[in-house]
Amino acid sequence: MPASDTPSVTRRSAMAGAAASAAAASLPPVALAQAPSAAAPAGALEAPVTATLSLTVNGEAQSLELDTRTTLLDALREHLHLTGTKKGCDHGQCGACTVILDGKRVYSCLTLAVMHEGDAVTTIEGLGRPDSLHPMQAAFVKHDGYQCGYCTPGQICASVAMLEEIKAGIPSHVTADLTAAAQTTAEEIRERMSGNICRCGAYSNILDAITEVAERQA
Ligand code: FES
Ligand code: FES
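A brief look at the structure comes next.

The rules behind the values
Residues numbered from 1 in each chain as written. Chains lettered and ligands numbered in written order. Predicted model: local features only at pLDDT ≥ 70, side-chain atom pairs only at ≥ 80, totals over all residues. Heavy atoms only, no water. Helix = DSSP H or I, 4+ residues; strand = E, 2+ residues; numbered from the N terminus. Pairing = 2+ DSSP bridges. Axes fitted to C-alpha atoms, helices over the stretch in contact; angles between N-to-C directions. Contact = heavy atoms within 4.5 Å.

Take the environment of Arg216 next. Mapped onto the fold, Arg216 is located in helix 9 (residues 203–217). Spatially, the C-alpha atom of Arg216 lies 9.8 Å from that of Pro135, the residues being 81 residues apart in sequence.

Here is the structure:
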């Protein structure tokens, strides 16, 4: 066939064009929108957004430059090297990461550090020292309130703040009776501490430790 008679669309190019059209038609709009463009080369990552954070940790002023996605837990452990606070689930399910934030117990894995500009954080390292234990730490030692100890910093921070909640008259689900005696029953303490899981099952000894401190404070 002379060159001038060769069709401009061959069977091969027509099939390739049809296949490309079909593939494009099957992509959801969002996938098309996310296809790499010449302006953003494939694989390029955006630089993280950072912020400066000032807060007080265990009585000491701290200033940190952080990726704004950093949790309070990671700020404490990875940036301030306060590894007493433990990462268990990292999903708000175990309580191992509990710290005291402006007097209230919080799961530090569930809150972003940059939300706490100017706040005061107390971790297990700030409650007491080996030679001068906080009364709750001493009670946990006395009553053997742990086995592996992984949940213990969170249990102790939670129990210290929990007794403050009772003093402040904050009710729980168990009882609306705000007298100190009713608030420190075993049932009440178990309910209030139910957000702190112990895989070793040291619950009865933990309860004994907290009860002793609660009775002393009553
Ligand atoms: S590590 Fe935060 S709740 Fe488990
Ligand atoms: S002492 Fe091991 S998880 Fe509580």
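Spatial strand order, 2-1-5-3-4: 5 strands in an open sheet with mixed pairing. Two strands lie at the open edges of the sheet, namely strand 2 (60–67) and strand 4 (104–107), each paired on one side alone. Sheet twist, expressed as the mean angle between neighbouring strand axes with direction ignored, is 40°. Sheet contacts for helix 3 (residues 72–79): strand 1 (50–57), strand 2, strand 3 (98–101) and strand 5 (120–122); angle to strand 2, the most-contacted strand, approximately 105°. Across the sheet, helix 6 (residues 152–167) touches strand 3, strand 4 and strand 5, and the angle it forms with strand 3 is around 40°.

The side chains of a regular strand alternate, residue by residue, between the two faces of the sheet. Here strand 1 pairs with strand 2 via 8 bridges, running antiparallel. Looking at the pairing, Thr56 lines up with Ala61 of strand 2.

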